[in-house]
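# Coordinate inspection notes
Chain by chain, the residues run as shown.
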Amino acid sequence: MGRIDIDALTKEYSSPSGPIRAVERLDLEIDDGEFIVLVGPSGCGKSTTLRCIAGLETVTSGSIRFDGTDVTDEKPKDRDIAMVFQNYALYPHMTARENMAFGLKMSTELSADEIESRVEEVAEMMDITELLGDRPGELSGGQQQRVALGRAIVRDPDVFLMDEPLSNLDAKLRAQMRTELQQLQNELGVTTIYVTHDQTEAMTMGDRIVILNDGQLQQVGTPLECYHRPANRFVAGFIGSPPMNFLEVKADPEEGTLVNPAFTMPLSESLAGDLDSTDLVLGIRPEHVSLTDAPGTHSEPERLIETEVTVTEPMGDVTNVYLEVGDETITGTVDGHVGAAPGERLHMHVPASKMHLFDADSGRSVKHSDEPIDAGTLADADSQVETV
Ligand code: ADP
Ligand code: MG
């Protein structure tokens, strides 16, 4: 079993310039068999969190329980975990076979035959049978990482902890390993906590993602919850690529509008209702922007903003178009067939159903799209969010 409960986990490092709070009162409940991705920018506390769960760091305060048992002060070897790191950490003088068998020899009572057959079985699963006689120096980065994963899998732990295991691989191999790892985790059903700074990895791999910034929990949710209902401006800007656009606006509830120096946009009825603050930030994702050169015939002329194209980035299937709105630059991701050239004046359309509003001061989400916020979901999301 591999249920993990983290309660108010805090980790401070001491440094000459005073304590560094790497993780601050982190609460997290992870179900048995879940694939959890810890994601956030470099230095936000991901590795520290993972190392605390592994028992490689002593915690400053808070507790960690495995299946209800407090393991906060237990040694790594007494927690049923296997770790995989970015730099493989294989023993250079041992063959792949010896690397995979080593942990089992040290930590179990299994006979040499049993160890051998487990290594063979996992090697087959990982498609590395032919590499078992090779030393790490003879293997490519991708092969080494397979052996490192195999070494974790043979231990048959309750929990896998993985710290950016794919980041040394080239883009193509990374994408392939991402899919394989997901399949493998599905088959094995072992609780996995996977650390990455890459939001694409987080979105594609996690059952749920845990977004950290500056040692603080920002949101816990399924990838789609975090995409559609980001708890705050940080999450909104971190999840999604290119990132969400933000425009400062003032709400005018009397007129039912959002006002920016460069445009006035109607608020739909549901968005207008009980707005706490009039100083807001309008969030709109690049993929929800569309462009027209014929505002006169558009079905929603009141939702058009006049812009000028500054740069275009054709990607083939889509084109990223950079647009000037007042002093701001907005990114629109439009169909690759749409012709737009620098200097061209176009109108961008912002659909009523794809708007996000954030409080300008706190950054917290105020409303998402045209739907009133579903109290149930949001209550959950809120309870997982620390004020930023
Ligand atoms: P991430 O893995 O998200 O990039 P880390 O958990 O490695 O972040 O680091 C979080 C913060 O703690 C950073 O400010 C980092 O500089 C600091 N930190 C990490 N390890 C140590 C350490 N051993 N001593 C002092 N500060 C540390
Ligand atoms: Mg790290």
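Residues numbered from 1 in each chain as written. Chains lettered and ligands numbered in written order. Predicted model: local features only at pLDDT ≥ 70, side-chain atom pairs only at ≥ 80, totals over all residues. Heavy atoms only, no water.

Broken down by element type, the chain carries 10 helices and 21 strands. Going through the 388 residues of the chain one by one, you find that 49% of them count as buried. Accessible surface, the chain as shown: approximately 18100 Å² in total, 46% of it carbon and sulfur. (Helix = DSSP H or I, 4+ residues; strand = E, 2+ residues; numbered from the N terminus. Buried < 20%, exposed > 50% of the residue type's maximum accessible area, 1.4 Å probe, protein only. Areas by Shrake-Rupley, 256 points an atom, 1.4 Å probe, with all protein chains shown as cover.)

Here the focus is unusual backbone geometry. Looking along the chain, the bond that leaves S241 and enters P242 is cis, with omega of -5°. Within the secondary structure, P242 sits in the loop between α8 (233–238) and β11 (245–252). Look at D156: it is not a glycine, yet its phi comes out positive at around 50°. Positive phi, normally seen in glycine, also occurs at D214, with a value near 55°. As for its placement among the helices and strands, D214 is situated in the loop between β9 (208–213) and β10 (216–221).

So, about empty space enclosed by the protein. Throughout the structure, instances matching the rule amount to one cavity of 30 Å³ or more. The computed volume of the largest cavity comes to approximately 60 Å³. As for the largest cavity, its lining consists of F35, L149, I153, F160, M162, L181, L184, Q185, L188 and T192. Elements supplying a minimum of two residues to the lining of the largest cavity: α4 (141–154), β7 (159–163) and α5 (171–188). (1 Å grid on protein atoms, 1.4 Å probe; cavity = no way out; pocket = protein on both sides within 12 Å on 5 of 7 lines; lining within 4 Å. Points joined across faces, edges and corners; volume = space filled by probe spheres on them.)

Residues in close proximity to ligand 1 include Y13, I20, A22, P41, S42, G43, C44, G45, K46, S47 and T48, which together make up its full environment. Contact distances for ligand 1 include 2.5 Å between an oxygen atom and a side-chain N or O atom of T48. Within the complex, the protein chains bury 61% of what would otherwise be the 560 Å² of accessible surface of ligand 1. Listed by contribution, the elements that provide at least two residues to the shell around ligand 1 are β2 (20–30) and α1 (46–54). Broken down by element, the residue count for the shell around ligand 1 peaks at three residues, all from α1. Looking at the shell around ligand 1, its residues break down into five nonpolar, five polar and one charged. (Near = heavy atom within 4 Å. Polar contact = N/O pair within 3.5 Å; in protein donor to acceptor, adjacent residues only side chain to side chain. Nonpolar A, V, L, I, M, F, W, Y, C, P; charged D, E, K, R; others polar.)

We now examine the packing of aromatic side chains. Inspection of the entire model under this criterion finds four aromatic pairs. An angle of 15° between the planes, with centres 5.6 Å apart, marks the rings of F234 and F238 as stacked. Pair noted here: F234 and F238 are both in helix α8, with a separation of four residues, about one helical turn. Since its relative accessible area comes to 24%, F234 is described here as partly exposed. (Phe/Tyr/Trp six-rings, centres within 6.5 Å; stacked < 30°, edge-to-face > 60°.)

So, about the pairing of strand β8 (residues 191–196). Two faces belong to every sheet, and in a regular strand the side chains alternate between them. Burial within β8 is extensive, with six of its six residues counted as buried. A two-sided burial pattern is seen for β8, the buried positions comprising T191, I193 and V195 on one face and T192, Y194 and T196 on the other. Of the pairings in the sheet, the one linking strand β3 (residues 35–39) to β8 comprises five bridges and is parallel in character. Pairing of I36 across the sheet is with I193, part of β8. By the bridge criterion, five bridges tie β7 to β8 in an arrangement that is parallel. Each residue of the ladder has a partner; that of L161, found in β8, is I193. At this point the chain moves from β7, through α5, to the parallel β8, and the crossover so formed is right-handed. (Pairing = 2+ DSSP bridges. Right-handed = clockwise from strand over helix to strand, strands pointing away.)

Bringing the side chain of H368 into the picture now. In this fold, H368 is placed in strand β21 (residues 365–368). Polar contacts involving the side chain of H368 include one to the side chain of H356, which spans 3.0 Å.

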